[in-house]
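Results of the structural survey
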Amino acid sequence: MKILKKIQEASSLEELEGIRIKLFGKKGALAGEFAKLKDIPGPEKKAFAEGLNKKKAMLQNAVDEKYEFLKSQEIEAMLKKEAIDVSLYSSLGKKGALHPVMETMDKIIDYFVAMNFAVKDGPMVEDDFHNFEALNLPKSHPARDMQDTFYFNDGGLLRTHTSPVQIRTMLKTKPPIRIISPGSVFRRDYDLTHTPMFHQVEGLVVDESGTVSFANLKSILTDFLHYMFGDVEVRFRPSFFPFTEPSAEVDISCIFCAGDGCRVCSHTGWLEVLGCGIVDPNVFKAVGYDDVSGYAFGLGVERFAMLMHKVPDLRSLFEGDIRLLEQFR
Amino acid sequence: MIVTKNWLNEFVNLEGISNETLYETFNSIGLEVDSIERYTIPKKVVVGKILSCEKHPDADKLNVCQIDVGDKTLQIVCGAANVVDAKFVAVATVGAVLPDNFIIKDAKLRGVESAGMVCASSELGLPDTGKGIMILDESIGTLEVGCELGSYDTITDTVIELELTANRGDCLSIHGVARDLSVALEREMKPFVYESTHKEKLGVARVADIQANGIIEADLSYVLTHIESLHTPLLLTLRLAMVNIALGDKLENILSYATHTTGVILRAYSATSLKDDDERIRLQVNAQERGIITISSQEKEISLLGVNQNQEKQAKDKDSLLLLEASYIHPDILVNAVFDGSYNKDELYYKTSRGSEPNIAFGLEFSTLLLEKYAKGKCYEGYLTVENEWEELRLGIDTDEISAIIGKEISKSTIITILTALGFGVTNAGGSKIVVIIPRFRHDITHIQDITEEIVRIVGINNIESKPLAFIESNKLNQTTSQYQFKKSLRQSACATGFYENVSYIFCERSKLEKYGFSTVNEKLDLTNPIAEDLNTLRSTIVLNLLDAIKRNVSYTQKSIALFEIGAVFNSFRVQTEKFAMVFSGQNELESISNSGKPNKIDFASFTKRVSMVIGEFELVACREVNDFIHPYQSADIIFNGKRCGYISKLHPTIQEQYNIPDTFFTEIDFDALLPKHINATPISKFQGVYKDLSLVIDESTPYSAISDAISSLDIELLSSYYPVDIYQDTQLGTQKSLTIRLFIQSISKTLEENDIESVTSLVLDKLNKTSGATLR
Ligand SMILES: [Zn+2]
């Protein structure tokens, strides 16, 4: 059949449309064939009609198939025309990034909020009572040497820790208390490992006498350190803070050398990361609490951020250097 | 506090205790180990006996020594001047490898054979014990010629640096540290026994007396002693050098050694200089105001107790009659007494203020013993003493309460054992109760939690099992917590928009703030002791810090700098508020194919768009904010949620030039104003709306905000929004401009008809014509 070959050889949709009209149009070849039908006698008529319909269906099918084929070829050609070198466009737009210290603080806050702690904040400019006196740090206390304080001409001071927030919270509300206080704190110290401003997160839990114990403190801090640093060993060492008693410093096994000893951990295999303890009765006395028990803890966010992200230089965190910040995208 | 293992061993038997055990034990009882280091002596360094010592024939400063090293006699040339006084020395024989890989070989010095080296302490890797070679004596152990020096454990000692917490004054001595260690290691303390072998027959009262004036809240005790041929043995100087105590003259060294050993505050006076005309010494102890105590003689102050000593009366090596003083004052009394005072505090003050050893007899006896041994000391019989009557501190303790604080059952008998070993007096009071008598050397202990800490230290925190705290369900999502969460999402949007988060100090330079026209904290309220000139006040804006960061980044060749910061600022009354600041400097985007390598600079429109992508929609009105950073013609105040809460501006070109940075835009907004407000949904219209553009001709000085305000004041219900879409100016318009605004007209209740639209546009046109003289183009 010549016509079938013609259909199959059509090279464009226009050509195919031409063939289709010639075949199926009102004046097309098939219409001519069907016109002959009326002249064919009865008995043969049926067979002729059947043959004609079969032929029509076959041709229609061939046209449809070819149409599909040519159409997809045309789309393909059109798509090809729109082709671009996508690799030229990698990373055109750039996201910014959260500051590593703030991002670490977020992560810490997330943990304690999930543990049902409320977030509390307070003023940076504090007074002697809230920052020292009420925390069992009278003026003559030797531990005041530990903290170099910024003072104001009117006797005010910049808080040296976020603990005054705990005092303010206890003075305002009654137990049970379950809070963390994140924020900036200030010490008059400026060298390789100290900046005059840094960030702390401190926590406080207070409930009835005899309910909150050192074992509880150990439990939550161990869990917290596993959340932050993964599979590390956690070690508690007795220590001293004026506002807690008993007190402990908490170490994790060095994440750089897995405890074998390296420069970062001063070859001890341990990294000091937290301070904590049972709240000293003198602190409760200062805020007028009776018959309560509680624990408190505190940590430096910069230290966590530097350890977690292996930031080598503390001071670089405060310079807005995009070369550092863009690494945290 | 630095201790050595061998020194500690004088008070507690450390035989068989490894350095690892020591390290762990110290850490577990709260005496944190900063460093632990054992000295080693190279092989082939031996004890040598100098048989003869002659001047080198050709060199004045050299000596040729014949030295017995046991199996043979060596000829060694030595350059140290003090070799002539030496009998026993450390000899590095041929083949010894000294520190820094210094190998000893046979040598010839100015023509004389030399088969080894006589060593100084530093040449052996030991701390410096003074000028010249190290002269050995029997204080380090019995000297055996030829014996390896490394076999003396007084020399190959382990030095341990402990970081003491402020409350542990009792561990500021070898004896104190040994006391704590003995409990942890469960080894008894070796008793210190003093038996004088060498005494002056005369009683001290025959030549001296002491008188107390007022109530003396301190203990003082004196001993008077003759001394001669004072010398300090090697062990003392070596140990002092190992624990980093500066070496002074011989008497000073002996007293430093006694104080470091016993923890008792010891001072020596030149007794001869204290004598009255009748050869008698009369001491006056005077209680002054605030608990300060002075000691005087001949009406002259010779000491301010616990604080300092009159230099003129201080004993020197040449003195032959010494008045030795041991004292104790409670640190709280002392610290309160001298607080605020401008007293000259000497190096002993640190120990006194942290709590020195109250057993002053121990200190006196220990130092007298040293003087007998090393200065042929001969004491007068008896002491001159002033003693305060100390009230014993007793605490009634319920041991169950200790267990509750720890969260682990600790038996009463364990508690009693630990406290007794630590030197506490304990009496059983029946049931779970005990009465604890606090020893005077633990002035830091005043209540049950202090006692608990002692138990925790010795039991070991690692032996306390973690136990989660059960707490009653209660909602802790307070306002601050939600604010934190909002702040976090705001910061994340800023990042998504391409900004980096910056954190800078809340400090600033006052003169800079003043220079640029920002407010400053009232001087009466400003910082007293800033850390640096450029951080001498609190900031009133974050923008200054951000500009510094831009400048820094420009110097690192960054081309497109986008930063934001949320932080505290302070007004002139030092009231703290929180600001949200954003800056953008340089190229709007990086060079790329899509901009053919020629990116636009940041401009007002794209900066404003970025800001609104972070904080949401806002309105800009004429800028009221005043400071030198603001560009007078590209700046605006921000109206957010109907409130004026910040401003946005291009950086003034003059400042831009000063900072040497590209075009920069910045905004500073009150953080609180951005907090999400409560929203009530408004109904959404089901009917189609119509856009209608109005092209107006208005005076070129009329800002869009005037047009917008006028339309807004009409409060037309059908006008659901409007905004500017085109602005056009040409010479034909003269001093006028053409502004096209697009109105969106929609009804909530019906399909709009032509006359509805007509009435809205004519209302608007009428109003604008009246307020701004606007006409349709
Ligand atoms: Zn390490």
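Our subject is the structure that appears above.
Residues numbered from 1 in each chain as written. Chains lettered and ligands numbered in written order. Predicted model: local features only at pLDDT ≥ 70, side-chain atom pairs only at ≥ 80, totals over all residues. Heavy atoms only, no water.

Looking at the packing of aromatic side chains
Residues and elements named next belong to chain B. The following threshold applies: For Phe, Tyr and Trp, rings pair up if their centres lie within 6.5 Å, where Trp contributes its six-membered ring, and each pair is then called stacked (planes under 30 degrees apart), edge-to-face (over 60) or tilted (otherwise). Strands here are runs of E lasting at least two residues and helices are runs of H or I lasting at least four, both read from the DSSP assignment and numbered beginning at the N terminus. The classification of residues rests on relative accessible area computed with a 1.4 Å probe and restricted to protein chains. Under 20% of the type maximum is buried, over 50% is exposed, and intermediate values are partly exposed.
Evaluated as defined, the whole model comprises 34 aromatic pairs over all chains. On the basis of an interplanar angle of 25 degrees and a centroid distance of 6.4 Å, the ring pair of Tyr-257 and Phe-366 is categorised as stacked. Within this pair, whereas Tyr-257 is found in helix α5 (residues 250–262), its partner Phe-366 is found in helix α8 (residues 360–375), the two being separated by 109 residues in sequence. Residue classification places Tyr-257 among the buried positions, given a relative accessible area of 3%. Overall, the relative accessible area of 6% leaves Phe-366 in the buried class.

Quick notes on the sheet that holds strand β25 (residues 393–398) of chain B
Residues and elements named next belong to chain B. Note the threshold: Think of it this way: DSSP has to see at least two bridges between two strands before they count as a pair. As a rule, the C-alpha atoms of each element are fitted with a line to give its axis, helices using only the stretch in contact, and angles between N-to-C directions run from 0 to 180 degrees. The contact criterion used is simple: two residues touch if any of their non-hydrogen atoms lie within 4.5 Å.
Across the sheet, three strands lie side by side as β25-β27-β26; this open sheet has antiparallel pairing. The sheet terminates laterally at β25 and β26 (425–428), the two strands that pair on one side only. Strand after strand, the sheet turns through a mean of 25 degrees between neighbouring axes, direction not considered. Note that β26 and strand β27 (residues 433–438) share four bridges and pair antiparallel. When the bridges of β27 are listed, Val-426 appears paired with Val-436. Relative to the sheet, helix α9 (residues 399–406) contacts β25 and β27, its axis offset from that of β25 by approximately 70 degrees. Each of β26 and β27 is contacted by helix α10 (residues 412–421), which is oriented at about 10 degrees to β27, the strand it contacts most.

Brief notes about the side chain of Asn310(B)
Residues and elements named next belong to chain B. The line we're drawing: In protein, a polar contact requires one atom able to donate a hydrogen and another able to accept it; more generally it is a pair of N or O atoms within 3.5 Å, and residues adjacent in sequence count only if both atoms are side-chain atoms.
Summarising the element assignment, Asn-310 is placed in the loop between β21 (308–309) and β22 (321–328). Polar contacts involving the side chain of Asn-310 include one to the main-chain carbonyl oxygen of Glu-301, which spans 3.0 Å. Residues contacting Asn-310, with those up to four places away along its chain left out, are Glu-301, Ile-302 and Ser-303.

Focus: the interface of chain A and chain B
So the rule is basically this: Accessible area that two parts lose when put together, evaluated with a 1.4 Å probe and summed over both, is termed the buried area. We count a salt bridge whenever a side-chain nitrogen from Lys or Arg sits within 4 Å of a carboxyl oxygen from Asp or Glu. Think of it as three bins: nonpolar holds Ala, Val, Leu, Ile, Met, Phe, Trp, Tyr, Cys and Pro, charged holds Asp, Glu, Lys and Arg, and polar takes everything else, Gly as well.
In this complex, chain A contributes 90 residues to the contact, which on the side of chain B involves 83 residues. For chain A, the biggest contributors to the area lost against chain B are Pro238(A), Glu245(A) and Ile322(A); these three give 9% of the whole. The residue Arg491(B) makes a salt bridge to Asp106(A) at a minimum N-O spacing of 2.9 Å. Between chain A and chain B we count 37 residue pairs in polar contact (both at pLDDT 80 or more) in total. The element that contributes the greatest number of residues to the side of chain A that touches chain B is helix α5 (residues 100–114) of chain A, accounting for seven residues. Along the lines of polarity and charge, the residues of the side of chain A that touches chain B split into 46 nonpolar, 19 polar and 25 charged.

Digging into the pattern of salt bridges
Per the stated rule, a full pass over the model turns up 44 salt bridges over all chains. In this structure, Arg237(A) engages Glu32(B) in a salt bridge whose closest nitrogen and oxygen atoms are separated by 3.3 Å. In this pair, Arg237(A) sits in strand β6 (residues 234–241) while Glu32(B) sits in strand β2 (residues 32–38), so the two residues belong to two different chains. On the basis of relative accessibility, which here comes to 17%, the residue Glu32(B) falls in the buried class. Salt bridges linked by common partners bring Arg168(B), Asp170(B), Asp180(B), Arg442(B), Asp444(B), Glu454(B) and Arg457(B) together as one network.

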